[in-house]
Amino acid sequence: LSDALAGGAALPNCFPEVPSVRPIQLAEKQRCHGVFSGTEWHEYGLWRCADGVVAEGPRVHHQGKGGWAGARHTEPVSQGMRAEFSILVREGRTVRVGWAARCAREVGVDRWGYGYGGTAKRSHANRFEDYGRPFGVGDAVTSVLDRTGSTVMLYFLVNGVHVAERPAYTISEFELAGERS
């Protein structure tokens with residue numbers, strides 16, 4: 001996420017008055033078999049934010065200048081569930097949304113994350129491929145993770161319209177389990 005993004009209706013509407021801030025614990029690093037992003041993630045209610053990013057109510061925004069900034073919602077999406085979140089791009093630079101395991105560096109740059117960016121590219125394992133259409137300031141972007149069948153589907157909408165006729169990614173639950181190990 002980049003400069004001031006506002007969350008959609010699926011985001012929680014309350015956060016602690018004083019955020020609990022802590023770096024990722026060693027046990028979380030070990031779950032990813034020694035792979036760790038090097039980014040310090042801090043907790044704000046159900047959000048984990050990189051340095052310089054703050055969650056205030058349903059709004060997540062970057063307080064710094066330049067460079068990468070990210071925020072992650074921490075509610076897990078288990079097999080049999082479907083989840084989605086929406087953001088409104090209020091200002092700023094290029095934005096990438098998607099889904100990632102806790103150990104992912106950023107959405108879509110390693111084997112633990114899948115993303116879709118404002119440049120009309122899908123990304124996974126640092127492979128960026130043409131997909132969908134560009135989006136930017138003023139657009140509402142929805143990211144959907146569907147784990148209700150034997151195949152996991154990830155797809156995206158811009159202003160309520162699917163960006164492509166096919167999902168950005170289809171992954172077997174078996175393959176997804178391998179990605180986490």
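Whatever comes next refers back to the structure up there.
**Q** Quick question: what am I supposed to make of the sheet that holds strand β2 (residues 41-44) here?
**A** Sheet strands line up and pair through hydrogen bonds in the backbone, either parallel or antiparallel. Pairing is antiparallel across the open sheet formed by three strands, whose spatial order is β2-β3-β6. A strand with exactly one partner marks an edge of an open sheet, and here the two such strands are β2 and β6 (71-73). Ignoring which end each strand starts from, the neighbouring axes of this sheet average 25 degrees apart.

**Q** Just to check I follow, could you spell out the pattern of salt bridges for this structure?
**A** For side chains bearing opposite charge, pairing can occur when the charged atoms are close. Taken as a whole and assessed by the stated rule, the structure comprises five salt bridges. Measuring nitrogen to oxygen at the nearest pair gives 2.6 Å for the salt bridge that ties Arg122 to Glu129. With relative accessibility at 22%, the residue Glu129 sits in the partly exposed group. Between Glu173 and Arg147 there is a salt bridge; the shortest N-O distance is 2.6 Å. One end of the pair, Glu173, is in helix α2 (residues 173-180); the other, Arg147, is in the loop between β12 (140-146) and β13 (151-158), with 26 residues separating them in the sequence. Given the relative accessible area of 9%, Glu173 is considered buried. Take Arg147: its relative accessible area is 7%, and that puts it in the buried class. Connected through salt bridges with shared partners, the residues Arg122, Arg127 and Glu129 form a single ionic network.

**Q** I'm lost on the side chain of Ser123 in this one. Help?
**A** You can see Ser123 is positioned in strand β10 (residues 121-124). On the accessibility criterion, Ser123 (1% relative accessible area) is buried. For Ser123, the contacting residues outside a window of four places in its chain are Arg96, Val107, Gly108, Gly113, Tyr114, Gly115, Phe128 and Tyr169.

How each quantity is defined
Residues numbered from 1 in each chain as written. Predicted model: local features only at pLDDT ≥ 70, side-chain atom pairs only at ≥ 80, totals over all residues. Heavy atoms only, no water. Pairing = 2+ DSSP bridges. Helix = DSSP H or I, 4+ residues; strand = E, 2+ residues; numbered from the N terminus. Axes fitted to C-alpha atoms, helices over the stretch in contact; angles between N-to-C directions. Salt bridge = Lys/Arg side-chain N within 4 Å of Asp/Glu carboxyl O. Buried < 20%, exposed > 50% of the residue type's maximum accessible area, 1.4 Å probe, protein only. Contact = heavy atoms within 4.5 Å.

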